[in-house]
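# Per-entry structural report
Each chain, written out:
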Amino acid sequence: MNDTTDRPIDRETLYGEVWAEPVSVVAPRYGLSDVGLAKICRSLAIPLPSRGYWAKVKAGKVMKRAPLPPLTKSTRAPLRLKKLSSGEQAAREATRRIAIDARKGLTEVTVPDDPGPPHPLVNAASKRLRRRDGWPEGSLVRSAPKEVLNVAVTRDALDRALQLADRLLKALATHAFDVEIDSGRGVTLLKSRETGTKMELSLTEHVRRTRHEITSAEERARKRYHDRSLWNSAVPFPHVPQYDYHPTGKLTLQVGRWPSRTWNDTPRTQLENRLEEIIAGILVLASETHARELEQARQAEERRRAIERYEFLTRRRADETERFKQLEAEATNLERALRLRAYADAVEHRERTEGGLTAELDDWLHWARAKADWLDPLIQVSDPILDAPEPKRPGYW
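A few points on the structure. Predicted, not measured: the structure shown is a model, and the values here were computed from it.

For the rest of this paragraph, the subject is the nonpolar core. Leu-168, Leu-190, Leu-253, Val-255 and Ile-282 are the most contacted members of the largest nonpolar core, which totals 37 residues. Breaking this core down by element, the ones donating at least two residues are α6 (120-129), α7 (158-173), β2 (177-182), β4 (198-211), β5 (243-256) and α9 (275-354). For this core, the element with the highest residue contribution is α7, accounting for nine residues. Beyond its immediate stretch of four places on either side in the chain, Leu-190 contacts Leu-169, Leu-172, Phe-177, Asp-178, Val-179, Thr-197, Lys-198, Met-199, Leu-201, Val-255 and Ile-282. Val-18, Val-23, Val-26 and Ile-46 belong to the second-largest nonpolar core, a separate cluster that totals 14 residues.

The topology assignment puts Thr-197 in the loop between β3 (187-192) and β4. Of the polar contacts made by the side chain of Thr-197, one reaches the side chain of Glu-293; its length is 3.0 Å. In this structure, Thr-197 is in contact with Leu-190, Lys-191, Ser-192, Ala-286, Thr-289, His-290 and Glu-293, ignoring residues within four places of it in sequence.

The next thing to look at is unusual backbone geometry. For the peptide bond that leads from Trp-258 to Pro-259, omega is 0°, which places it in the cis range. Positionally, Pro-259 belongs in the loop between β5 and β6 (260-264). In this structure, Ala-45 is a non-glycine residue whose phi angle is positive, near 60°. Relative to the helices and strands, Ala-45 resides in the loop between α3 (34-43) and α4 (53-58).

Once that is clear, we can look at the pattern of salt bridges. When charged atoms on two side chains of opposite charge get close, those side chains can pair. This structure, assessed with the given rule, holds 25 salt bridges. Among the ionic pairs, Glu-301 bridges to Arg-305, the shortest N-O distance being 3.0 Å. Of this pair, Glu-301 and Arg-305 both sit in helix α9, four residues apart, which is roughly one turn of that helix. Arg-305 sits in the exposed class, given a relative accessible area of 54%. Ionic contacts of the salt-bridge type, sharing partners, join the residues Asp-182, Arg-185, Glu-200 and Arg-257 into one network.

Attention now goes to α7. Spanning 16 residues, α7 covers 22 Å between terminal C-alpha atoms, matching the ideal 22 Å at 1.5 Å per step. Among the 16 residues of α7, 12 are classified as buried, and the element is accordingly described as predominantly covered. Within the span of α7, buried status applies to Leu-158, Arg-160, Ala-161, Leu-162, Leu-164, Ala-165, Asp-166, Leu-168, Leu-169, Lys-170, Ala-171 and Leu-172.

On the surface, a cluster of nonpolar side chains totalling about 280 Å² of accessible area is made up of Leu-378, Ile-379 and Val-381. In this fold, Leu-378 is placed in the segment after α10 (359-375).

Quick notes on the rules
- Residues numbered from 1 in each chain as written.
- Predicted model: local features only at pLDDT ≥ 70, side-chain atom pairs only at ≥ 80, totals over all residues.
- Heavy atoms only, no water.
- Core = buried A, V, L, I, M, F, W, Y, C linked by side-chain atoms within 4.5 Å.
- Buried < 20%, exposed > 50% of the residue type's maximum accessible area, 1.4 Å probe, protein only.
- Helix = DSSP H or I, 4+ residues; strand = E, 2+ residues; numbered from the N terminus.
- Contact = heavy atoms within 4.5 Å.
- Polar contact = N/O pair within 3.5 Å; in protein donor to acceptor, adjacent residues only side chain to side chain.
- Salt bridge = Lys/Arg side-chain N within 4 Å of Asp/Glu carboxyl O.
- Expected span 1.5 Å × (residues − 1).
- Patch = residues over 30% accessible without salt bridge, like charges linked within 9 Å, V, L, I, M, F, W, Y side chains within 5 Å.
- Areas by Shrake-Rupley, 256 points an atom, 1.4 Å probe, with all protein chains shown as cover.

So far we have only geometry, and geometry alone does not tell us how the molecule works.
Okay, here's the thing in structure tokens:
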């Protein structure tokens, strides 16, 4: 059975498909969203049905297709648009259903009201981030992601950020999530106890940066440097920052890498007042991430099997080629051996007819027939001269 999924789809075929069925039906066959497939169609100058087209078709109205215009220089032909196999389509649909079911299953999201003692990781972050020294000069942000929680905020926003992190981690603990620090990568990870899925977690503050304007004191310091450096080259050059940094107090919470979710402070609502929404979003994101991991594992296993199959077929083909070469060589050697024997028989017959065999000719006949036996693949015999090791040339000394 021929598999058409391995062949790229041409422009005319894609045009026929999007006019035979809605884009939302066609797109999953190629592993795309309806928006992604629509973009490809526009880049290829493929017209799409207008809104209401399929409702009218469903109502029984006969609709006309928009004609397919010819390609111009501004449009491009499809390169690698291929249909997914039935197994790939089923796996992607299963992944989509898992995410949908996760959203439907969020009936209750609990956020503890009693703060209680701080979370151990929050307590450690509080001690580390309140130090006076050891921070990058000028940026105002305090962060030590290789040691404590991945919190990057200014000193004025530190208390609020730690309180938010404390409530968030305690709420996630009630939903079977643990938190760990990956010191090697410098990231904080949320880990689901149910699936083992891990997602990165970060809490940052937006710090506004402006071009630094030199003050009168800095200008005087530069002038003193130029005056003194004429007679003393050891005078240090006064440092003047290139930028000024201004805390905004606006926090951003990001969870995951791909897929990911981001929540920001808004002028009306801060993050701590949206914890239920955030927790619900993290639970859905965990389900989507787990589904993606399952899909990636399936693809990796499918690729492993494909590589294993390819290596098996390649090895089998190479072995078969080698066996065939051996067969041809043996058949050729048999023909050569038969020719040598026939020639020796002809020589012997001629000599017997003309006057008899000499001792010298008899030796030659034995030698020729021995060589024929040596070539014959059906006779296991070695030649004392030709099968012996290659003679070595003596050294100079």
